[in-house]
Amino acid sequence: MYIEQVCILFMLSLAVHCVNDIPRGVPYNASSLYKTAGDFNCFDGSSSIPSSYINDGYCDCADGSDEPGTSACPSGFFYCINAGHVGEYIRSSLVDDGICDCCDGSDERYRRCENICGALSDAARAEAEARAKIISTGSEVRQKLIHQARQMRLQKEDRLRKLEEEKVEAEKLKEAAEAHKNAAEEAENAALQIYRQKEEEIKQERIRKEKEDAWREAHNIFINLDSNQNGLLDVEELKVKQIFDRNKDGEVSDEEIQWYLELKEDVTEDVFHSSIWQHIKPFYMMEMGLFTPPETHNENGAQDAEEEEPLGEGGKEQVDEDEKQDDDEEEDDSENVGEGEVIPQNNDEGEPSPAEPEYDPRTLELMEAAKEARSEFDSSNQALQSLEQEISQIKEKLSLDYGPEDEFAPLDGQCFTHTDREYIYKLCLFNQVTQAPKSDGSEIRLGAWSGWVEANGKSAMLYDKGQSCWNGPQRSTTVLVECGSDNELLSVSEPNKCEYLMQFKTPAACKPIEDPDQGLHDEL
Amino acid sequence: MAVPVLPYPRSTIEIVRISWKIFVVLLPTTVVLKSCQETYDNSPLPPHTYRSSSVSISGNLQRRISKMSAVVFRLIAAASLLTFVSSVDRSNFKTCEQSSFCRRCRKMEPGKSVYELDMDSLKHSATSLTVGLVNTDTAVRFVLSLQPLKDDVLRLNIKEETPLRPRFTPPFVLEDYVLSKWKTPSKSANKVELELGSQTVTLHSVPFKLEVAAGGKTFISLNERGLLQYEQTRTKPPERDDSEDPGSWEENFKSHHDSKPHGPTAVALDFTFKGAKFAYGLPEHADSLALKTTTGGDPYRLYNLDVFEYEINNPMALYAAIPLLIAHSEERTTGVFWVNPSETWVDVKVETNNVVSSLVNFVGGNQESAVETHFMSESGDIDVFILPGPKPMDVFRQYTALTGTAPLPPIFSLAFHQSKWDYNSQDDVDALDKAFDEYDIPMDVMWLDIEHTDSKKYFTWDPYKFSDPIAMQHNLTARGRKLVAIVDPHIKRDNSYFLHNDATNLGYYVKNKDNADYEGWCWPGSSSYIDFLNPDSREYFASRYNLKNWQGSTPDLYVWNDMNEPSVFNGPEVTMPKDNIHFGGFEHREVHNLVGLIYTMSTHGGLINRDDSIVKLEDKKRPFVLTRSAFAGSQRFAAIWTGDNMAEWSHLRISYPMCLSLAIAGMSFCGADVGGFFHNPDAELLVRWYQAGAYLPFFRAHAHLDSKRREPWLFGPETTDSIRSVVKARYSFLPLWYTLFYQHNITGDPVIRPLWAEYPEDSNTFNIDDHLLLGNSLLVRPVMGAGETQVSVYFPGADSLWYDIDTYQVYRHGTATVQAGLSKIPVFYRGGSIVPRKLRVRRSSPLMLNDPYTLYVVLDSKGQATGYLYLDDGETFRYRLRQDSSAYMKYKFAENTLSSDFASSHRFDSPSWLERVVIVGLKPDQYKASLLTGETQTSLDVKFDTTTNSLTIRKPAVPIASRWIIKIK
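Model, not experiment: these values are computed from the prediction.

Caption draft 1: The arrangement of the overall build of chain A in detail. Broken down by element type, chain A carries eight helices and 14 strands. Counting over 524 residues, chain A shows a buried share of 40%. Long-range pairs, those at least 24 residues apart, make up 45% of the contacts in chain A between residues at least 6 apart in sequence.

See below:
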């Protein structure tokens, strides 16, 4: 590119003339600049030299203009005429270095270079024609895609309007249902008030009784442990009880007892009730077979199994699953904390749950009415929510950037795969990119749709925030989008660790050329 | 590349995620926890797994789930850890205190030497002297011998008189050296005096002490402090002797056991350099060039080790070990070369005589500075060369006379090398090859790390990613480029691998202590190691490089020997157990530091002889080998780089002292990974690293698999431009580099030199290690700090002139601040030098072979200058074996006359010619120039630039390898 810029400057400064006798490395249209009777002026005006110094193998002009045909000037350029193909400038450093750079071989004086301009020209012409064909068929498809996209957009907008209307209705319905429900529940509550008081009294009585039982149980244990009957429990009294062997080493140590007694020498029965019993109780319960330590969760079992699997390519996908599982577990946790309140004292297991009180017919009627109102409200609320969800989905799609003319919209959600030696890569447009080993199907996410970016001066899609790499970044994928007659995921590479690069060809990227013969014109 | 990503089998990087499970069970006051830890680390896998294809690695999140699930009665607060270890894990490597022999030697008390000479046993001739040495405690006898060598070098050797088992004498270290003679020694009851040139060598008998004096002043004294120790070979006592160090007869480090069947065999000796103020040498350490006092810390350690993510500024062992120490003062420079390839520790104490200490010393009657050193080796003989200088360049010459100089490298190897661990396919190589042309950045060599092999089996190619290696090499050579591929010394234990089968069947592997083939872990997984001590193994391995044997190789393929310390991921200190057995029954402990050298020697020889189609040696191509491990003498076989550094400014900075230290110890052909191996440099660091790296002899960009791509065009046009200009400058100076390497080959002069090498009397230079001299004509002080745009440059030499190579701005003796924006490298011509350059920089150096030269004649204060140019075909041995294939030109400028003459008897019909002469430092005037060749006189055009006071003489166009004279008026 940097050659081009310089060359353009050259071109602009040259008048267009055609002369046959031209110095080496100079295009026809610039040769007159070298046809001077007297001194030659460097193009940059830096100095004036005898014309015999042109192409004499010594760099006199800072801009290299005196040595277009040698390698003498580091900043100079040599023009390959390349008759039959496209003329081009090459850097002076490529002149006479033993490597044929011009297709006409004119850059090498000291070795024979084959003239391959004819063949290159044919190949270039064929390529340009093929390319033009692809662009023309591709752009036709693109037009269809644009049309399709327009239809889709209209449909979506229609649908959106309809939904918005329905939403207004649904909101009204919901409000009515809510009012109805509120009224029904108010009546129900009033009727139930009396039954609730009774229930509460029964419950309080049960709790009181349970406390009393518990106290008695502790009291009996205390009496039993207090072998010297002095109203105090001490280390020696507890040591004789094998039950206190916490670490199961067959011996009840002072340390173990001290832990139960909270480092006290001895405790009164009051202290025993208030705290010590709490430490001791589980051991009694275990002794009596009433308590077993919590079992490992089922999902832990699943993890164990996974752990034993060989850590191959399959390991990747599992990680994600594990993360998900983690989240699930955390949700479980909160539930478990609730369950945790079901401490033994409150454990109703085995006891019959208190029977439903017998309601009078009117109350029953009110309850039934309230239930119906609630259910009506729930369904009207659900209807509204599903409308809102659909609205937001459509809005999201409508605001997505499908290209300047929406031409990529019909491709949304379509997936394309590319298979190399080890992996199957899947690009689901505007959604995500995945990679799966051929050997098993477990996928790893290489990125989720992020937006359009520019890569190498062309537009490209970025899919990012994929699964994290070990000791590395989150995976991401850049998809270079190029014109092609069909949709095809051409290649996948990983130029940097965990940064993937895809080449995707699609008619959606085939912008029509204004002049279809462009590209064939700059030949001689 | 190299080094385990994570040292096996420990994990250094762990990401522990914890999710809590809280169950409230039974007890209202007790919380039972289930802690679920997910540990992402490498533990379940050998480290080589991380070097399989990059796609699969990077795609692969290794994972281990460990769980704790138990009923506990206390709340366990498991801390969440997120630890990235980014520097060396020191616990993997021994301290002196953890090494039995270092402990034993270091605890010796000064002034209590028990060694005496048995003067009755003295024998001498004109070229040797031997005398008995007795340990008066044990009555064990030793034989001490002295030999006079050329250049007044003295060799001291002490052997056991009747060892139970022969001690190892390292082969391949010393070249054939030349003996000298001395006169009949004068002997008295308690001393012997010898005259060696202008020096007097005195042997004192009780206690033993050796002194060397010149001009009546002793400059080095051995056993001055009485730290000589020589543990004679003996049988293991039946009962354990508690007075012995507990590690004397067996030793443990971490999980490794050293059986030490031959017991303690350490040798140690102290050297006192009287009057010396600075000490240098003992590479390789990531530390300052000037050695520091080690009292209170660990000694400098010489034990070739693969140190993962090494730290700078410490005396820990690294990949290479050269037991050469140089002590220096304004008056004198002296070297000690301790020829011992077993593990060695060196204590250094630098007593500089400053004002305070001189008062103290005055009272004590000693006003001299001194450098005290104490060498301690685990086994072997005491074999020492005293290199008397008296100037630094003399010491370098004396050392390379013993260990050899580097052969003339092929010129491409001095050009720019491009490497990255994950250059992963031949398409990748082709694309890079083209990109360097597209961005107009010269490049000579593409490098392939271990990924090019089929499953880490060296001498094979990955059949998919490198399906046509010959076509790939031809694509490169079509642009004058070369390829380097890695060949490591660990051999995959795979029954389908010919090399493994051959080595197993032929018994070429190193044995373990039970005499079975030793197995360790390295990149391929389970591996064994060729025993290069065995001449048959060496020959076999060398012949693997033959083009017929190495499928897919061409004559343009060169070799990188990495991991040759040797690196063993699961071995003690990431290397081989010391009780492994080598050829001849020697233990690994005895040969360890030599292993890397012999390995590269085998490669070097193999490369010379690989092409059967070339019959005459002169037509064979010179090898190029890069090594990570080295010992004294390695310069004869390979270039070296500073191993797995990091993309940090501090690592850029340390690359200069590291290479300077290696260069003064014979290994000039040194470089550091440009950009840093681990992690990612920003654009500024990358540009500065290219700038500094362009003025080190080995110039290669390289990076880790996990580092981002960092080719010069990936950081924006400004960075690309800066890097392009640096690389082009390097190519323009290739004639100078090549000439310096030729001179090194002849004289041993280091190619790069610390300032004190050329200005030994200027004490300001003694502590400078961020400047270097390229030969004696360029001074380089690159920017090596973040955000810096100016540097302080010290210009040595009382009446020297130094000229900025870009602006010709002149600097005189002293310190000056030099502006250095991002594209500027402060580099200066020394006034008085003539520097040959080629200004037509091309894609690769072979394409520049016949291009014309420009001579920079940079005048000193007397208006004079001299310089040299060496040229040949750049690749074969013709230069050495024929009279008509090279030219060594000497240029001289005096009294306005520049002359070119041959400096050797060789002639060369080179098509290259003299394009221009630039004379820097002239007074403004109307100049004319004329050229005299033979009888012909031609006038030449000139141009005087008044802003830079330089005169450019246009196109003399004489053949470069010819005699001529240019006169200016």
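Caption draft 2: Representation of the UniProt feature "domain: Glycoside hydrolase family 31 TIM barrel" (unreviewed entry) in chain B in the model. Within the UniProt annotation, "domain: Glycoside hydrolase family 31 TIM barrel" (unreviewed entry) is assigned to residues 407–740 of chain B. Here residues 407–740 of chain B runs as 33% helix and 12% strand, with 12 Å between its end C-alpha atoms.

Caption draft 3: Summary view of the sheet that holds strand β29 (residues 520–522) of chain B. All names here are of chain B. Spatial ordering of the open sheet is given by β28-β30-β29, a layout of three strands whose pairing is antiparallel. For this open sheet the edge positions go to β28 (490–492) and β29, each flanked by a neighbour on one side alone. If you compare each strand with its neighbour and ignore which way they point, the axes differ by 60 degrees on average. Two strands pair when backbone bridges link them, and β28 and strand β30 (residues 525–529) are joined in this way by three bridges, in the antiparallel orientation. Note that in β30 the partner of isoleucine 491 across the bridge is serine 528.

Caption draft 4: Inspection of the state of the cysteines at higher detail. All names here are of chain B. Using the criterion set out here, one finds 10 disulfides over all chains in the structure. Covalently, cysteine 96 is tied to cysteine 102 through a disulfide, its sulfur atoms 2.1 Å apart. Measuring handedness by torsion sign, the sulfur bridge of cysteine 96 and cysteine 102 sits at about -100 degrees and is left-handed. Comparing cysteine 96 with cysteine 102, the two get one shared label, buried. A disulfide-free cysteine, cysteine 105 has its sulfur positioned 7.1 Å from the sulfur of cysteine 102, the nearest such atom. Residue classification places cysteine 105 among the buried positions, given a relative accessible area of 0%.

Caption draft 5: How the structure looks around the pattern of salt bridges. Following the criterion strictly, the structure yields 101 salt bridges over all chains and no others. One salt bridge in this structure joins A:Lys426 and A:Glu443, with 3.6 Å as the shortest N-O distance. In this pair, A:Lys426 sits in strand β8 (residues 423–428) while A:Glu443 sits in the loop between β9 (432–437) and β10 (444–455), placing the two residues 17 residues apart along the sequence. Of the residues examined, A:Lys426 reaches a relative accessible area of 29% and is grouped as partly exposed. On the accessibility criterion, A:Glu443 (27% relative accessible area) is partly exposed. Residue B:Asp556 is joined to B:Lys482 by a salt bridge in which the shortest nitrogen-to-oxygen separation is 3.1 Å. Remark: B:Lys482 occurs in strand β27 (residues 482–486) and B:Asp556 occurs in the loop between α8 (535–544) and β31 (557–561); sequence separation between them is 74 residues.

Caption draft 6: Focus on unusual backbone geometry. Backbone torsion omega between B:Gly389 and B:Pro390 reads 10 degrees, so that peptide bond is classified as cis. Its identity as a non-glycine residue notwithstanding, A:Asp96 has a phi of 55 degrees, on the positive side. When you line up the elements, A:Asp96 lands in the loop between β4 (88–91) and α2 (117–225). The phi dihedral of B:Leu282 falls on the positive side, at around 55 degrees, and the residue is not glycine. Among the structural elements, B:Leu282 can be located in the loop between β18 (278–281) and β19 (300–302). Look at B:Leu282 and you get buried, because its relative accessible area is 0%.

Caption draft 7: Local environment of the packing of helix α7 (residues 498–506) of chain B against α8(B). All names here are of chain B. At a minimum axis distance of 11 Å, the contact between α7 and α8 shows a crossing angle of 165 degrees. Relative to α8, the element α7 is oriented roughly antiparallel. Along this stretch, α7 crosses α8, giving a crossing that reads as right-handed. Contacts from Phe498, Leu499 and Asp502 in α7 reach Tyr540, Phe541 and Arg544 in α8. Class assignment of the residues belonging to the contact of α7 with α8 gives a composition of four nonpolar, no polar and two charged.

Caption draft 8: Just empty space enclosed by the protein, in detail. All names here are of chain B. Applying the stated rule across the entire model yields 14 cavities of 30 Å³ or more. Reported here for the largest cavity is a volume of approximately 140 Å³. Counting only elements with at least two residues in the lining of the largest cavity, the list comes to β15 (251–253) and β16 (256–258). Per-class residue counts for the lining of the largest cavity are five nonpolar, four polar and six charged. Here the second largest cavity is characterised by a volume of approximately 120 Å³. Around the second largest cavity, the lining comprises 17 residues; the ones closest to its centre are His262, Gly263, Thr265, Ser379 and Arg589. Broken down by secondary-structure element, the contributors of at least two residues to the lining of the second largest cavity are α2 (100–106) and α9 (588–591). Broken down by class, the residue content of the lining of the second largest cavity amounts to three nonpolar, six polar and eight charged.

Caption draft 9: Representation of the UniProt feature "domain: Glycosyl hydrolase family 31 C-terminal" (unreviewed entry) in chain B within the structure. Here the UniProt-annotated "domain: Glycosyl hydrolase family 31 C-terminal" (unreviewed entry) positions come out as residues 748–835 of chain B. In residues 748–835 of chain B, the share of helix is 5% and the share of strand is 39%. The end C-alpha atoms are 20 Å apart.

Caption draft 10: Representation of a negative patch on the surface within the structure. Residues and elements named next belong to chain A. On the surface, a cluster of negative charge is made up of Glu171, Glu175, Glu178 and Glu388. The dominant element in the negative patch, judged by the number of residues it contributes, is α2, at three residues. Along the chain, glutamate 171 turns up in helix α2.

Caption draft 11: α8(B), seen in detail. Residue and element names in this part refer to chain B. Considered for burial, the residues of α8 that qualify are Ser537, Arg538, Tyr540, Phe541, Ala542 and Arg544. Residues of α8 that are buried in the fold lie against β28, α7 and α10 (595–608). Between the side-chain oxygen of the N-cap and the backbone nitrogen of aspartate 536 there are 2.8 Å, and the N-cap of α8 in question is asparagine 534.

Caption draft 12: Focus on the UniProt feature "domain: MRH" (unreviewed entry) in chain A. Sites flagged by UniProt as "domain: MRH" (unreviewed entry) map to residues 413–512 of chain A. As a span, residues 413–512 of chain A carries 0% helix and 61% strand, and end to end its C-alpha atoms are 25 Å apart.

Caption draft 13: Layout of the layout of surface pockets. The volume enclosed by the largest pocket comes to roughly 1800 Å³. In terms of lining residues, the largest pocket is bounded by 48 residues, among which A:Ser493, A:Glu494, A:Pro495, A:Leu501 and B:Asp428 are the most central. Elements with a minimum of two residues in the lining of the largest pocket: β10, β12 (476–483), β13 (488–496) and β14 (499–506) of chain A together with α1 (54–59) and α5 (426–438) of chain B. Ranked by the residues each element gives to the lining of the largest pocket, the list is headed by α5(B), at eight residues. Grouping the amino acids of the lining of the largest pocket by side-chain chemistry returns 18 nonpolar, 15 polar and 15 charged.

Calculation notes
- Residues numbered from 1 in each chain as written.
- Chains lettered and ligands numbered in written order.
- Predicted model: local features only at pLDDT ≥ 70, side-chain atom pairs only at ≥ 80, totals over all residues.
- Heavy atoms only, no water.
- Helix = DSSP H or I, 4+ residues; strand = E, 2+ residues; numbered from the N terminus.
- Buried < 20%, exposed > 50% of the residue type's maximum accessible area, 1.4 Å probe, protein only.
- Contact = heavy atoms within 4.5 Å.
- UniProt positions renumbered as here; feature names shortened; annotations may be inferred.
- Pairing = 2+ DSSP bridges.
- Axes fitted to C-alpha atoms, helices over the stretch in contact; angles between N-to-C directions.
- Disulfide = S-S within 2.5 Å.
- Salt bridge = Lys/Arg side-chain N within 4 Å of Asp/Glu carboxyl O.
- Parallel < 35°, antiparallel > 145°, perpendicular 65-115°, else oblique.
- Left-handed = near helix turned anticlockwise from the far one by under 90°.
- Nonpolar A, V, L, I, M, F, W, Y, C, P; charged D, E, K, R; others polar.
- 1 Å grid on protein atoms, 1.4 Å probe; cavity = no way out; pocket = protein on both sides within 12 Å on 5 of 7 lines; lining within 4 Å.
- Points joined across faces, edges and corners; volume = space filled by probe spheres on them.
- Patch = residues over 30% accessible without salt bridge, like charges linked within 9 Å, V, L, I, M, F, W, Y side chains within 5 Å.
- Areas by Shrake-Rupley, 256 points an atom, 1.4 Å probe, with all protein chains shown as cover.
- Lys, Arg positive; Asp, Glu negative; His and termini not counted.
- Charge placed at Lys NZ, Arg CZ, Asp CG, Glu CD.
- Polar contact = N/O pair within 3.5 Å; in protein donor to acceptor, adjacent residues only side chain to side chain.

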